[in-house]
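Working through the structure, step by step
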Amino acid sequence: MTLPDPPEPTLRLKIDDAALAGNWQSLDRLSGTAAAGAAVKADCYGLGVDACVPVLRDAGCRQFFVAHWSEVACVARHVPGDQIAVLHGPLTAADAAFARAIGAVPVINSLHQAQVWQGSGGGWCHLMVDTGMNRLGMHLSELSDPVVQALTIDTLMSHLASADEDSPLNAQQLGDLRAAALLIPHRRMSLANSAGIALGPDYAFDLTRPGLALYGGVPRAGLAEHIRQVAIPEAAIIQCRSLSQGDTVGYNATFTAPGPMRVGTVSLGYADGYLRSWGGVGSLVHNGRRLPLIGRVSMDMVVVDLAHAPDLHEGDWLEVPYSLAHAAQQSPLSQYELLTVLGQRLK
Ligand SMILES: *Cc1c(COP(=O)(O)O)cnc(C)c1O
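My aim in this report is to walk through the structure given alongside it, one point at a time. (Residues numbered from 1 in each chain as written. Predicted model: local features only at pLDDT ≥ 70, side-chain atom pairs only at ≥ 80, totals over all residues. Heavy atoms only, no water.)

What to know about the pairing of strand 6 (residues 105-108)
Rule in force here: Each residue is placed in one exposure class: buried if its accessible area under a 1.4 Å probe, protein chains only, is under 20% of its type's maximum, exposed if it is over 50%, and partly exposed if it falls in between. Helix and strand assignments come from DSSP, with helices taken as H or I runs of at least 4 residues and strands as E runs of at least 2, each series counted from the N terminus. Pairing between strands requires that DSSP locate at least two bridges from one strand to the other. With the strands pointing away from the viewer, any crossover whose connection runs clockwise from the first strand over the helix to the second is right-handed.
Burial along strand 6 is two-sided: the face carrying Val105 and Val107 and the face carrying Pro106 and Ile108 are both buried. Of the pairings in the sheet, the one linking strand 5 (residues 84-86) to strand 6 comprises two bridges and is parallel in character. Following the sheet pairing, Val86 is matched in strand 6 by Pro106. Regarding the hand of the β-α-β motif, the stretch spanning strand 5, helix 5 (residues 93-102) and strand 6 is right-handed. Relative to strand 7 (residues 124-128), strand 6 is paired through two bridges, and the arrangement is parallel.

Below, the structure is given as structure tokens:
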């Protein structure tokens, strides 16, 4: 049985392809002699692999990072498997067998993972050394182990803990990665995430791994002039209403109309990643006019005050202000969370 196509949705996520491509090109340029890769884990930070990876590929990106093995297939529809690195690495023989079958390259994070990979037949891999995150990655003292020395390492990498701050940890981690490079053969080196790119050429090595800034995030002020907004959520008004003085709006009646007013119910809620923390502080925008939220955010709806937009009706689209650095200042969420919470119904 063929099901009919659904009618036009009442919410959508606009992706500015030119901004995404431009952000990658800016980060690639800021990486100096290093090439910029792209962190595309978590469905491109919530924006959608199918929407973003082809744009990054066509802009010139040749190295893509995911976290899970389950994320590989979707990315491999757009780029060759050997350009996909899996950050969590192979925990089991099944992971290693999958890597071989699909041609993705594991990041080896521990002696156990080195054994799993070598046990499956070995071959090109990346190696994560821990220089201060204490999350994943091998300790420098483990690099002399024969099973590690036997690895065929493409990129020797580490990850910065505090690149978005002027922390002494940055230089210490840089020094530790340089020390690791003397202990183990490798083809390339990589350290910088988005914020790390702004720390300058010492941190760039051969390959940088921006994620957040590709998608419009600004983790260090120095990047602001190079990064454009990519994700623009939009939602339609699905009903307009007139309130009388004393009427209340939404769950727990947290808003009471001070007088007669016209309001609009909008098809966007916390199930879409527009979390309840926006209640009382958030607003939606139409042609530069700010329409404040009133009452609580519901699962599928919010209500806005239409006092400054008497011309708006059912079916008109409103923009969700989502310039990440600014939105994060107004919200308890980080720029990373603002992206990754965006819900499936937007896509
Ligand atoms: C997520 C991730 C990145 C990208 O970090 P951003 O701060 O988003 O630029 C780079 N490297 C590793 C190992 C990561 O896990």
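There's plenty left to go through after this.
Focus: the packing of aromatic side chains
Where two aromatic rings form a pair, the distance of their centres and the angle of their planes describe that pair. Quick note on the threshold: Here a pair means two rings of Phe, Tyr or Trp (six-membered ring of Trp) with centres within 6.5 Å. Their orientation is stacked below 30 degrees between planes, edge-to-face above 60, and tilted elsewhere. We call a charge positioned over a ring when the NZ of a Lys or the CZ of an Arg lies within 6 Å of the ring centre and within 35 degrees of the ring normal.
Per the counting criterion, the structure on display carries four aromatic pairs. The rings of Tyr45, Tyr215 and Tyr336 are connected pair by pair, giving a single aromatic cluster. Geometry around Trp317 places Arg12 over its ring, the cationic atom sitting 3.6 Å from the centre. Directly above the ring of Trp117 sits Arg100, whose terminal nitrogen or CZ lies 4.4 Å from the centroid.

Observations concerning the side chain of Ser190
Going by this rule: Polar contact criterion, stated in full: a pair of N or O atoms within 3.5 Å, where within protein one must be able to donate a hydrogen and the other to accept it, and residues adjacent in sequence count only if both atoms are side-chain atoms.
In this fold, Ser190 is placed in strand 9 (residues 188-190). Taking the relative accessible area as the measure of exposure, Ser190 reaches 0% and is therefore buried. Of note is the side chain of Ser190, whose polar atom sits 2.9 Å from the side chain of Arg209.

Digging into the pattern of salt bridges
Note the threshold: A carboxyl oxygen of Asp or Glu within 4 Å of a side-chain nitrogen of Lys or Arg is what we treat as a salt bridge.
This structure, assessed with the given rule, holds 11 salt bridges. Between Asp311 and Arg289 there is a salt bridge; the shortest N-O distance is 2.9 Å. With Asp311 in the loop between strand 17 (302-305) and strand 18 (317-319) and Arg289 in strand 16 (residues 289-294), the pair connects residues that are 22 residues apart, well separated along the chain. Residue Arg345 is joined to Asp300 by a salt bridge in which the shortest nitrogen-to-oxygen separation is 2.9 Å. Of this pair, Arg345 sits in the segment after helix 11 (335-340) while Asp300 sits in the loop between strand 16 and strand 17; the two residues are 45 residues apart in sequence, bridging distant segments of the chain. Note on Arg345: relative accessible area 42%, which makes it partly exposed.

With respect to the nonpolar core
As a rule of thumb, soluble globular proteins bury nonpolar side chains together. Heads up, the rule is: To form a nonpolar core, buried Ala, Val, Leu, Ile, Met, Phe, Trp, Tyr and Cys residues must be joined to one another through side-chain atoms within 4.5 Å. In what follows, residue pairs with any heavy atoms lying within 4.5 Å of each other are defined as contacts.
In this structure, Val40, Leu56, Leu127, Tyr215 and Leu284 are the most contacted members of the largest nonpolar core, which totals 96 residues. Take this core: its biggest share by element is six residues, from helix 3 (residues 49-59). In this view, Val40 contacts Val49, Val53, Leu56, Phe64, Phe65, Val66, Val75 and Tyr215; residues no more than four positions away in its chain are not counted.

A short note on the site of the ligand
For clarity, the cut-off: Here a residue counts as near a molecule or strand whenever at least one of its heavy atoms sits within 4 Å of it. Only the protein chains shown count as covering a residue, and every accessible area follows the Shrake-Rupley method with a 1.4 Å probe. The nonpolar class holds Ala, Val, Leu, Ile, Met, Phe, Trp, Tyr, Cys and Pro. Asp, Glu, Lys and Arg form the charged class, and all remaining residues, Gly among them, are polar.
As a matter of local geometry, the ligand sits amid 14 residues, with Lys41, Tyr45, Ser194, Leu212 and Tyr336 nearest to it. For the ligand, an oxygen atom lies 2.6 Å from a polar atom in the side chain of Lys41. A distance of 2.5 Å is found between an oxygen atom of the ligand and a side-chain nitrogen or oxygen belonging to Tyr45. For the ligand, whose unbound accessible area comes to 390 Å², protein coverage reaches 92%. Residues that form the shell around the ligand fall into these classes: seven nonpolar, four polar and three charged.

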